[in-house]
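# Structure at a glance
Each chain, letter by letter, is given below.
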Amino acid sequence: GIARLMETAQQGRARYVRLADRVARYYAPVVHLLGAVTFAGRLTSEPVGACHCSQCRRWSGHFWAGAELRDPTIEGEPLRWFRSSEDAERGFCAACGSSLFWRETGSRRTVVSAGAITPPTGLRLEGHIYVADKGDYYDIADGLPQQAQS
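A few points on the structure. Quick caveat: nothing in here was measured; it's all calculated off a predicted structure.

## Some thoughts on the layout of surface pockets
- Its volume calculated, the largest pocket comes out at about 710 Å³.
- In terms of lining residues, the largest pocket is bounded by 29 residues, among which Cys-51, Trp-102, Arg-109, Ile-129 and Ser-150 are the most central.
- At the level of elements, strand 3 (48-51), helix 2 (54-60), strand 4 (64-75), strand 6 (88-93) and strand 9 (125-129) are the ones that each hand at least two residues to the lining of the largest pocket.
- Considered class by class, the residues forming the lining of the largest pocket number 14 nonpolar, nine polar and six charged.

What follows is the structure, encoded as structure tokens:
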């Protein structure tokens, strides 16, 4: 009767939630602070990394954590890119200043700010790079791998 219908419905819902969670892991909608710029793309299976280099610290206000976003689509006008070094450029929202992207100059490989990805992300911080350049005002005590450079 009704109990069996309820059980069947609950099983169907559980399958749907598992499928949605799997899809969300690979297709990540991204909305920044103002929502004036939106992005979507496939998250790679690569982990979130935290960069403590002086450029990332100055750009983000602390360290910068990002995940690779493949085949990103971008909507909205205020996105701006600037060349931050010989090898890389950074994308930000010109309206609010949100730090959104890092990519090698001329590459489609784009790293998106982990904080801009709409949760649940299913991502986990896996390690730290450029820890030799980290700020002197904090310690890294999470037990994750650390590399002096990249």
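## Thoughts on the packing of aromatic side chains
- Counted according to the given criterion, the structure contains five aromatic pairs.
- Between Phe-63 and Tyr-138, the ring centres sit 6.3 Å apart and the planes meet at 40°, which makes this aromatic pair tilted. With Phe-63 in the loop between helix 2 and strand 4 and Tyr-138 in the segment after strand 9, the pair connects residues that are 75 residues apart, well separated along the chain.
- The partly exposed category is assigned to Phe-63, whose relative accessible area is 26%.
- Of the residues examined, Tyr-138 reaches a relative accessible area of 11% and is grouped as buried.
- Taken together, the aromatic side chains of Phe-63, Tyr-137 and Tyr-138 make up a single cluster linked through ring pairs.
- Sitting over the ring of Trp-81, Arg-103 keeps its end group 3.5 Å from the ring centre.

What counts as what
Residues numbered from 1 in each chain as written. Predicted model: local features only at pLDDT ≥ 70, side-chain atom pairs only at ≥ 80, totals over all residues. Heavy atoms only, no water. 1 Å grid on protein atoms, 1.4 Å probe; cavity = no way out; pocket = protein on both sides within 12 Å on 5 of 7 lines; lining within 4 Å. Points joined across faces, edges and corners; volume = space filled by probe spheres on them. Helix = DSSP H or I, 4+ residues; strand = E, 2+ residues; numbered from the N terminus. Nonpolar A, V, L, I, M, F, W, Y, C, P; charged D, E, K, R; others polar. Phe/Tyr/Trp six-rings, centres within 6.5 Å; stacked < 30°, edge-to-face > 60°. Buried < 20%, exposed > 50% of the residue type's maximum accessible area, 1.4 Å probe, protein only. Lys NZ or Arg CZ within 6 Å of the ring centre and 35° of its normal.

So yeah, pure geometry; function would need other evidence.
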